[in-house]
Amino acid sequence: MMLISFNFVLNDALHQKVHASGQQFVKHVYELNLSPSINNEVLAALAKSEGFVLEVPKPAENFRHLVNIEREVFSYKTLSLSLYHYPAWVTQSYLFILLNLIILGAAGWSYRWWGLLNVSRRITPKNTMIQPTKTIKQNKIRLIKQVKKCELSSLYGVNRASHSLFLLIECDFDKKTDKEAIFKVLITRKLTEFKDVSVKILNSSYLAVTLPHIPTPELDSYVEKLHQSVFLLCQNYQKSMTHKNIKIGACDYRLGADKIAVYQLAKSALMLSQNSSVQHSHRLALNYCQEKPLSSKQVIENIKKNKFILFFQPLFELSSGEILEHEALIRVRYSQLGLLAARYFINQVYSNQDALILDKAVITQVKKLMLSESSALTVSVNLHPKNWFNNVFWEWLPSQIAELKLSAKLQFEISETEFFTHRESITNALDVIKKNRSQIVIDNVKSSEKVAVLTDYNQVCGLKLSCELIHLLNEKTQNQRQIKKIVEAANLLNLPVYAVGVETQKELFTLAKLGVVGAQGFYFSEPLQEFTQAVFN
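Residues numbered from 1 in each chain as written. Predicted model: local features only at pLDDT ≥ 70, side-chain atom pairs only at ≥ 80, totals over all residues. Heavy atoms only, no water.

> Mind showing me how you'd approach the overall build of the protein chain here?
When its secondary structure is counted, the protein chain shows 17 helices and 16 strands. Within the protein chain, counting contacts between residues at least 6 apart in sequence, those at least 24 apart form 66% of the total. As displayed, the protein chain offers around 32,400 Å² of accessible surface, 54% of which is attributable to carbon and sulfur atoms. (Helix = DSSP H or I, 4+ residues; strand = E, 2+ residues; numbered from the N terminus. Contact = heavy atoms within 4.5 Å. Areas by Shrake-Rupley, 256 points an atom, 1.4 Å probe, with all protein chains shown as cover.)

> Could you clarify how one ought to interpret the nonpolar core in this entry?
A general trend in soluble globular proteins is that nonpolar side chains are found buried together. The biggest cluster of nonpolar side chains holds 68 residues, and the ones touching the most others in it are Val366, Val381, Trp388, Leu410, Phe419 and Ile483. For this core, the leading source of residues is helix α11 (residues 352–372), giving seven residues. Once residues lying within four places of it in the same chain are set aside, the contact partners of Val381 are Ala328, Val362, Ile363, Val366, Leu410, Gln411, Phe412 and Glu413. Counting residues in hydrophobic clusters, the runner-up holds 24 residues, among them Leu165, Ile169, Leu226 and Leu233. (Core = buried A, V, L, I, M, F, W, Y, C linked by side-chain atoms within 4.5 Å. Buried < 20%, exposed > 50% of the residue type's maximum accessible area, 1.4 Å probe, protein only.)

> Please clarify how the side chain of His282 should be interpreted in this entry.
Structurally, His282 is set in strand β7 (residues 281–285). A polar side-chain atom of His282 sits 3.0 Å from a polar atom in the side chain of Ser273. Those residues in contact with His282 that lie beyond four places of it in its chain are Ile248, Gly249, Ala250, Ala269, Leu272, Ser273 and Ser276. (Polar contact = N/O pair within 3.5 Å; in protein donor to acceptor, adjacent residues only side chain to side chain.)

> Would you mind showing me how to read the packing of aromatic side chains here?
Here the distance between the centres and the angle between the planes together describe a pair of aromatic rings. Considering all chains together, one arrives at six aromatic pairs under this definition. Taken together, a centroid distance of 5.4 Å and an interplanar angle of 45° make the contact between Trp388 and Trp394 tilted. Of the residues examined, Trp388 reaches a relative accessible area of 4% and is grouped as buried. On the basis of an interplanar angle of 85° and a centroid distance of 5.3 Å, the ring pair of Phe419 and Phe420 is categorised as edge-to-face. On the basis of relative accessibility, which here comes to 10%, the residue Phe420 falls in the buried class. Members of the aromatic cluster, each reached through a chain of ring pairs, are Trp388, Phe393, Trp394, Trp396 and Phe412. Its guanidinium or amino end placed over the ring of Phe311, Arg331 lies 5.6 Å from that ring's centre, counting from NZ or CZ. (Phe/Tyr/Trp six-rings, centres within 6.5 Å; stacked < 30°, edge-to-face > 60°. Lys NZ or Arg CZ within 6 Å of the ring centre and 35° of its normal.)

Okay, structure coming up:
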């Protein structure tokens with residue numbers, strides 16, 4: 001009886017949905033100013049796209065005893081249209097079947113569980129003397145878990161005090177809707193633990209949200225949760241919405257903090273999100289002053305004063321766990337900001353001379369470290385784009401390579417876009433690399449379209465996949481298909497394919513199945529100051 005009632009309720013709900021769709025269709029026809037008598041073909045096509053027809057279809061006459069075509073009249077202002085449609089239980093039959101199977105399965109499971117529960121109740125009196133012992137053990141286990149959690153928090157320096165979180169959200173949204181009211185309702189429903197949530201529109205473009213009293217270990221989880229909630233809300237209004245259309249910049253702070261500094265940090269975090277195609281939300285703490293990034297002049301001055309350090313990201317072979325090479329990563333020291341990664345300053349405008357100073361410093365330091373290491377090494381350096389066209393750099397480089405041991409190798413990385421766009425202009429650089437028995441790795445590879453061109457360039461020794469393809473790999477089957485195509489194209493040229501930015505074991509297993517030879521990322525190791533510190537997990 002309950003199952004029959006459920007099906008009636010479901011059918012009624014779906015019928016209401018069809019009715020609302022028909023009403024919206026008539027409104028749309030009225031706004032388009034279509035005449036039913038003149039634009040009959042256009043009207044029929046529009047009606048068909050919404051699941052309606054203007055006339056009873058002929059096949060339905062043969063089955064009129066089984067399925068009755070429903071007729072409804074929809075009106076909007078001065079326009080009325082008579083439309084036909086199949087019953088909801090016909091068009092949505094798959095939904096009825098699925099939900100009925102779920103209900104029947106749940107009922108069967110509940111009946112079985114209830115039977116087991118009755119059996120256990122009958123046995124319980126026989127075991128009354130054992131039960132207290134079980135309770136004591138459970139309490140001891142729970143206490144130990146709590147102690148370990150506290151020790152872990154203190155080990156990583158986690159402050160158990162709460163911070164407030166200020167977020168700037170940028171999303172493409174219909175300007176006619178009241179974003180402030182809609183998002184206020186969303187956040188209040190999704191984050192029920194907060195009573196004093198503030199939601200405001202700033203400059204008609206950003207949405208400012210303040211969440212008070214968040215435990216510091218959970219700050220990032222709340223940023224991610226809010227990003228997902230905003231995405232789902234926007235997708236309800238715009239089906240074409242993707243995660244990359246929503247960018248969030250966040251700043252956490254304590255009570256009494258300078259509001260201007262908090263806003264500037266949140267805006268700086270938002271800029272980092274806007275400039276990233278992979279990470280759509282960033283959070284900066286108030287004590288981390290990122291709103292004033294280093295200028296190109298400051299970077300070069302600090303490099304001249306040797307205020308930089310090199311880290312090395314190991315690349316592991318998946319089959320053996322051996323380290324294939326190390327990628328050199330520069331970190332520039334700054335008195336107020338500490339060590340800054342290259343992504344914070346590398347995209348700024350540099351002169352040819354400044355770019356030359358930057359890469360000369362990196363290669364000179366790499367050479368010193370390689371000469372001091374007894375084992376055979378391969379180090380990969382990502383050159384500044386301007387140096388690929390700078391003949392002065394390629395006249396200087398051969399002498400540096402000649403000083404290396406024969407067992408040590410220095411290779412260079414260039415992005416897929418730069419290589420295929422300017423390969424005719426970097427002929428001199430390619431000749432120098434070939435003459436000195438060095439090699440090239442094509443970085444940031446996104447598709448297999450141009451891989452075949454590499455058959456004419458024996459300097460190329462491998463391909464590194466774009467981070468965009470690795471991010472959310474297991475959820476995006478399209479990315480998996482793209483990686484498989486790249487691997488198949490590279491195999492024809494006997495070129496290995498490597499993955500970067502690997503963070504989970506699931507990603508690693510999927511990449512291995514797709515034929516990727518090696519990988520690097522935080523799943524294996526953080527960037528290291530010494531070559532010999534890396535251990536394969």
